[in-house]
Amino acid sequence: MPNIDSIITAASRHGLTVRGGFTVDADDGVPGVDASSEPATAGYLLLFGNTGSSMWDVFRRSDEYHDGRGHPLNRWSERVGCAMAGEFSGWALFPFGGPPHLPFLRWGKRAEGLRNSQLGMLIHPRFGLWHAYRFALVFAEPVEWSATVATTTVGESACRSCAAKPCLNPCPVGAFTASGYDVQSCFRYLQANPDCRCMTEGCQARVACPEGAGYRYDPPHAAFHMRAFVGAMDAKERRADSDTKDPYASI
């Protein structure tokens, strides 16, 4: 039976935290699991991720960060996740690599009792908007929990009691509204303004949220994610343009 204290210690070496877990049910969408069978083919899923910039120093010293190849954080997460899966006799799942993408946000709501924020991302009662899931480990038997391991208290989303909604005001293009997120307006602004505060300090709507302010990403960490977002959106547009272009137009 996997021991949670040993798993937590192993994760901490990479700046990661065990973000909660749950016994797998048939409708959880966990690949390779038939929880309706007797006996079930898997017992437990654990989520792993960063809180604040906890993993940033470890990641920026990694080969993936320095080798100049694409998707360095995903590749680092895959290496770490697969190594931990081997160490603890589980198997690793990742929030990237799709479509289709695995339902990590739904798993996060179940594992930690989190809810969507006004900006759409999950808000944590301690870390606010400054957290992320990097991978999950699935085990064929229950995890042995320790009484010393803290668990997230499920409660009302901080957004519901926040009358001021400061996150809706600072976006320079008003990409966040009560009705949702205008990803194209956000992308176009960042693309045209590579030196803006959103790019160098992180999304200003996210920064404006008072919850978990002490866990805001360090500026280099935030800038890394913003560059990755712009690069991914740009690549998506170029792929779409290539797919729709008349192959005989230049002949």
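Everything quoted here is computed from the prediction, not taken from an experiment. (Residues numbered from 1 in each chain as written. Predicted model: local features only at pLDDT ≥ 70, side-chain atom pairs only at ≥ 80, totals over all residues. Heavy atoms only, no water.)

*Asks:* Quick question: what am I supposed to make of the environment of Pro-142 here?
*Replies:* By the secondary structure assignment, Pro-142 is in the loop between β6 (131–139) and β7 (176–177). Taking the C-alpha atoms as reference points, Pro-142 and Val-24, 118 residues apart in sequence, are found 9.6 Å from one another. Setting aside residues no more than four positions away along its own chain, Pro-142 makes contact with Met-1, Pro-2 and Tyr-44. (Helix = DSSP H or I, 4+ residues; strand = E, 2+ residues; numbered from the N terminus. Contact = heavy atoms within 4.5 Å.)

*Asks:* When you look at unusual backbone geometry in this model, what are you seeing that I'm missing?
*Replies:* Working note: non-glycine residues mostly have negative phi, and peptide bonds are mostly trans. With a phi close to 55°, His-71 is a non-glycine residue in the positive phi region. The topology assignment puts His-71 in the loop between α3 (63–66) and α4 (72–87). Positive phi is not limited to glycine here, since Lys-165 has a value of about 50°. Looking at where Lys-165 falls in the secondary structure, it is placed in the loop between β6 and β7.

*Asks:* Teacher, can you tell me more about the packing of aromatic side chains here?
*Replies:* Each aromatic ring pair is characterised by the separation of its centres together with the angle its planes make. Applying the stated criterion across every chain yields a total of 14 aromatic pairs. The interplanar angle of 70° and the centroid separation of 5.1 Å between the aromatic rings of Trp-130 and Tyr-217 together place this pair among those described as edge-to-face. With Trp-130 in the loop between β5 (122–123) and β6 and Tyr-217 in the loop between α8 (204–208) and α9 (219–244), the pair connects residues that are 87 residues apart, well separated along the chain. Grouping residues by exposure puts Trp-130 and Tyr-217 together as buried. Among the aromatic side chains, those forming a connected cluster through ring pairs are Trp-56, Phe-59, Tyr-65, Trp-76 and Phe-224. Above the plane of the ring of Trp-130 lies Arg-206, whose end atom (NZ or CZ) is 4.5 Å from the centre. (Phe/Tyr/Trp six-rings, centres within 6.5 Å; stacked < 30°, edge-to-face > 60°. Buried < 20%, exposed > 50% of the residue type's maximum accessible area, 1.4 Å probe, protein only. Lys NZ or Arg CZ within 6 Å of the ring centre and 35° of its normal.)

*Asks:* Quick question: what am I supposed to make of the sheet that holds strand β1 (residues 17–23) here?
*Replies:* Overall, antiparallel pairing links the 4 strands, which are arranged β1-β2-β6-β3 in an open sheet. Bordering the open sheet on either side are β1 and β3 (91–93), each of which pairs with just one other strand. Between one strand axis and the next, the sheet turns by 25° as a mean value, whatever way the strands run. As paired strands, β1 and strand β2 (residues 44–51) are joined by 5 bridges and run antiparallel to one another. Across the sheet, residue Thr-23 finds its bridge partner in β2, namely Tyr-44. (Pairing = 2+ DSSP bridges. Axes fitted to C-alpha atoms, helices over the stretch in contact; angles between N-to-C directions.)

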